[in-house]
Amino acid sequence: MATLSPILKQATPVVVDHAVGSWIHATDGTKYLDFTTGIGVTSTGHCHPDVVAAAREQVGKIVHAQYTTVMHKPLLELTELLGSFLPQGLDSVFYATSGSEAVEASIRLARMATGRPNIISFQGGFHGRTVAAASLTTAGTKFRSGFSPIMGGVHVAPFPHWYRYGWDEATAVEFALKELDHLLLTISAPSDTAGFIIEPVLGDGGYIPTPVAFLQGLRERADKHGIVLILDEVQAGVGRTGKFWGHDWAGITPDVVITAKGLASGFPISAIAASAALMGKAWPGSQGGTYGGNAVAAAAGVATLGVIQRENLVENALLRGDELRTGLEALQTEFAGIGNVRGRGLMQGVEFTAADKTPDASTALAVQQAAIKEELLLLTCGPHGNVIRLIPALNVSSDEIHVGLSKLSQALKSATS
């Protein structure tokens, strides 16, 4: 009898019967408050009626319309609607299925457009598990080790993680930009550098917002050297941070933006967007895929963006995120093991440290597991596994935020008593 691979490690023992909004109902009848949202995927909550209706209707029309063979209405509608959210000038879109595929499409485009071989990523970033995407990933060795050789032409620059360095943010930014300039002088000359790729908030790397000044510094250097600036918005985009795009906090415009996760409320679809001029530099046949832009996923994407607009979910993410952050900071004053609270909008991280300020993964795991007993679902992240991430749905209510904080408080007491 076949079983799931033992390499798949389950964060919780929950077996789902059904889910609605921010709540998961298990087969044993237990009702859990879900602050994982499928790792930031179910942006409009579980089974939003508008998304369900759109998917059901589309299933009855056509499920798979391979989009380089025949075109279908949902993808045309999604492209038009997504265009109203895209940064100025990014008016050409390519669709894939997963975040990793979109990442690989973005670096392929950057290399083809510039004729340069190298890509610079930043320490702690997560960009996927396929070979090229994993080669850009430094959120932990588990994502990139054991299947060498990985893709060449990748160089990793420091990320301004002020808390890890023990500095203020401005000092960390100054250091990281100087080190990037040094890398461009010593390892990858600008004339060899096709692109920078970075997350506006590190995801698996620890839920660390990329400082505004650092993103602005990358934009300046990309402009100066003709380097393609790629913003990996797979997790931080589509309203997650309280602005539609995570990079909006910095007031910059990337050359390429990558989106996935929250775009279709759980249906698998991803995309990269660039200017038509940049996209036109890709080689013929270099973009495509069997399942990219699936008709049902595209219909769900149209419905998701419609819900986000009508229900003002970006603003809700900002307001509820402020409430969540205030509550987490209050817990920090109560529990000495919480070393740092950080994030933007509904993308908040709680880092656990020991008395000597070293990472405390055991307490983070104990709290995450204790939360399950309190009927609250959370996940850990970070290279050491010592960060708990809180990722409620964009339409989470104020009451649900406070219920979640109360459950987390009880889990902290249980795990640290």
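Since the model is a prediction, treat every value here as computed from it, not as a measurement.

**Q** Run through the nonpolar core, naming residues and quoting values.
**A** Core analysis: the largest hydrophobic core is formed by 84 residues, its most contacted members being Ile272, Leu305, Leu328, Leu390 and Leu408. Two domains each donate at least three residues to this core, and these are domain 1 (16–47 + 313–416) and domain 2 (51–310). If we skip the residues at most four places from it in the chain, Ile272 touches Ser92, Val93, Phe94, Ala102, Ala105, Ser106, Leu109, Val256, Val257, Ile258, Met279 and Gln287. Counting residues in each nonpolar core, the second largest holds 25 residues, with Ile120, Ala176, Leu180 and Leu183 among its members.

**Q** Tell me about the layout of surface pockets, and please be specific about residues and values.
**A** There is about 1,600 Å³ of room inside the largest pocket. Elements that contribute at least two residues to the lining of the largest pocket include exactly helix 1 (37–40), helix 4 (99–114), helix 12 (361–373) and strand 16 (379–381). Among the residues forming the lining of the largest pocket, the class breakdown is 22 nonpolar, 19 polar and nine charged. In this structure, the lining of the largest pocket is formed jointly by two domains, domain 1 (16–47 + 313–416) and domain 2 (51–310), each of which donates at least three residues. Counted as a void, the second largest pocket has a volume near 360 Å³. In terms of lining residues, the second largest pocket is bounded by 22 residues, among which His161, Arg164, Gly205, Pro383 and His384 are the most central. There are two domains that each give the lining of the second largest pocket at least three residues, and those are domain 1 (16–47 + 313–416) and domain 2 (51–310).

**Q** Please set out empty space enclosed by the protein residue by residue, giving values where relevant.
**A** All told, the structure shown has one cavity of 30 Å³ or more when counted by the stated rule. As a volume, the largest cavity reaches approximately 30 Å³. Every residue along the wall of the largest cavity is listed here: Gly40, Ser43, Val234, Gln235, Gly237, Val238, Arg240, Lys261, Gly262 and Leu394. Classifying every residue of the lining of the largest cavity by side-chain character gives three nonpolar, five polar and two charged. Looking at which domains feed residues into the lining of the largest cavity, each of domain 1 (16–47 + 313–416) and domain 2 (51–310) supplies at least three.

**Q** Can you lay out the domain arrangement of the protein for me, pointing to particular residues and giving the numbers?
**A** Partitioning the protein into domains gives domain 1 (16–47 + 313–416) and domain 2 (51–310). Summing both sides of the interface, domain 1 and domain 2 together bury roughly 2,800 Å²; the carbon and sulfur share of this comes to 61%. On the domain 1 side of the contact with domain 2, Val314, Arg344 and Met347 bury the most area, a combined 29% of that side's loss. Between Asp204 and Arg389 there is a salt bridge, with its nearest N and O atoms 3.6 Å apart.

**Q** Could you give me a rundown of the sheet that holds strand 12 (residues 270–274), with the residues and numbers involved?
**A** The strand order across the open sheet formed by seven strands is 4-12-11-10-7-5-6, and the pairing between neighbours is mixed. Edge positions in the sheet fall to strand 4 (92–96) and strand 6 (154–157), since each has one partner strand and no second. Here the strands of the sheet are splayed against their neighbours by 20° on average, with no regard to which way each runs. Here four bridges tie strand 5 (residues 118–122) to strand 6, and the two strands are oriented parallel to one another. Each residue of the ladder has a partner; that of Ile119, found in strand 6, is Val154. Seen against the sheet, helix 4 touches strand 4, strand 5, strand 7 (193–198), strand 10 (228–232), strand 11 (256–259) and strand 12 and runs at an angle of roughly 25° to strand 12.

**Q** How would you sum up the environment of Asp50? Please name residues and give values.
**A** Tracing the sequence through the fold places Asp50 in helix 2 (residues 49–59). Residues Asp50 and Ala303 lie 253 residues apart in sequence; the distance between their C-alpha atoms is 6.2 Å. When sequence neighbours within four positions are dropped, the list of residues in contact with Asp50 reads Ala303, Val307 and Arg310. Looking at Asp50, its side chain comes within polar contact range of the side chain of Arg310, at 2.7 Å.

**Q** Could you give me a rundown of the pairing of strand 11, with the residues and numbers involved?
**A** Burial along strand 11 is two-sided: Val256 and Ile258 facing one way and Val257 and Thr259 facing the other are all buried. In terms of strand pairing, strand 10 meets strand 11 through three bridges, oriented parallel. The residue of strand 11 that forms the bridge with Asp232 is Ile258. With four bridges connecting them, strand 11 and strand 12 associate as antiparallel partners.

**Q** Report on unusual backbone geometry, specifying residues and quantitative values.
**A** Put simply, Ser148 and Pro149 share a cis peptide bond, and its omega is 5°. Along the polypeptide, Pro149 turns up in the loop between helix 5 (131–135) and strand 6. Even without being a glycine, Ser265 presents a positive backbone phi close to 55°. The topology assignment puts Ser265 in the loop between strand 11 and strand 12. Phi angles above zero are rare outside glycine, and Asn312 is one such case at about 55°.

Rules and cut-offs
- Residues numbered from 1 in each chain as written.
- Predicted model: local features only at pLDDT ≥ 70, side-chain atom pairs only at ≥ 80, totals over all residues.
- Heavy atoms only, no water.
- Core = buried A, V, L, I, M, F, W, Y, C linked by side-chain atoms within 4.5 Å.
- Buried < 20%, exposed > 50% of the residue type's maximum accessible area, 1.4 Å probe, protein only.
- Domains from an automatic or database assignment.
- Contact = heavy atoms within 4.5 Å.
- 1 Å grid on protein atoms, 1.4 Å probe; cavity = no way out; pocket = protein on both sides within 12 Å on 5 of 7 lines; lining within 4 Å.
- Points joined across faces, edges and corners; volume = space filled by probe spheres on them.
- Helix = DSSP H or I, 4+ residues; strand = E, 2+ residues; numbered from the N terminus.
- Nonpolar A, V, L, I, M, F, W, Y, C, P; charged D, E, K, R; others polar.
- Buried area = accessible area lost by both parts, 1.4 Å probe.
- Salt bridge = Lys/Arg side-chain N within 4 Å of Asp/Glu carboxyl O.
- Pairing = 2+ DSSP bridges.
- Axes fitted to C-alpha atoms, helices over the stretch in contact; angles between N-to-C directions.
- Polar contact = N/O pair within 3.5 Å; in protein donor to acceptor, adjacent residues only side chain to side chain.

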